[in-house]
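# A look at the structure
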Amino acid sequence: AVRYNIDMVVLILNDEAYGMIEWKQRNMNYEKWGLDLVNPDFVKHAESFGAKGYRVEAAEDLGKLLKQCINAKGVHVIDVPISYDWASQRLREVPAECAEIMRRAASEFGKDLVCE
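Residues numbered from 1 in each chain as written. Predicted model: local features only at pLDDT ≥ 70, side-chain atom pairs only at ≥ 80, totals over all residues. Heavy atoms only, no water.

## Regarding the sheet that holds strand 3 (residues 75–81)
For clarity, the threshold we go by: Each pair of strands is called paired provided DSSP finds at least two bridges between the two strands. Runs of H or I in DSSP of at least four residues are treated as helices and runs of E of at least two as strands, each being numbered from the N terminus. Here an angle of 0 to 180 degrees is reported between the N-to-C directions of two axes, which are lines fitted to C-alpha atoms, with helices fitted over the stretch in contact. Residues count as neighbours in contact if any of their non-hydrogen atoms are within 4.5 Å of one another.
Spatial strand order, 1-3-2: three strands in an open sheet with parallel pairing. Edge positions in the sheet fall to strand 1 (8–14) and strand 2 (52–55), since each has one partner strand and no second. Shown here is a sheet whose adjacent strand axes are inclined to one another by a mean of 20°, direction ignored. Relative to strand 3, strand 1 is paired through seven bridges, and the arrangement is parallel. Bridging from a neighbouring strand, Ile12 pairs with Asp79 of strand 3. Of the strands in this sheet, strand 1, strand 2 and strand 3 touch helix 3 (residues 62–70), which is tilted by about 165° from strand 3.

Printed below as a string of structure tokens:
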């Protein structure tokens, strides 16, 4: 994307593990095994490819940072630390919430956005 001057924002939901698999194993009463990861520093990784890297330090900062990145040129990688213990309680809410945020951002910035 950097090489081709594509404007895009990438959100990395970073739980330092295969958290979704762990969540499923826990719900099926399986023992946790081999799911913890040591991820790279995604901010430095993005910057090493010529993108701009960010790490969200507080949940309330994500909206402002996302708007800033959507409105800026270039490739922006946002590392968002998450916990599936917390997130599993909200899994059903997230797609609708994300879609609404993207609809508002698209109308505000006049850009095509995807939320999957």
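## Describing the pattern of salt bridges
Our working definition: Any carboxyl oxygen of Asp or Glu within 4 Å of a side-chain nitrogen of Lys or Arg constitutes a salt bridge here. Here's how the labels work: a residue is buried when its accessible area is under 20% of the maximum for its type, exposed when over 50%, partly exposed in between, all with a 1.4 Å probe on protein chains only.
Tallied over the entire structure, the rule returns three salt bridges. Two residues, Lys73 and Asp7, come together in a salt bridge whose shortest N-O distance is 3.6 Å. Separated by 66 residues along the polypeptide, Lys73 in the loop between helix 3 and strand 3 and Asp7 in the segment before strand 1 bring together distant segments of the chain. Two residues, Asp79 and Arg55, come together in a salt bridge whose shortest N-O distance is 3.3 Å. Residue Asp79 is located in strand 3, and its partner Arg55 is located in strand 2; the two are separated by 24 residues in the primary sequence. Residue class for Asp79 comes out buried when judged on its relative accessible area of 4%. In this structure, a network of salt bridges that share partners links the residues Asp41, Arg55 and Asp79.

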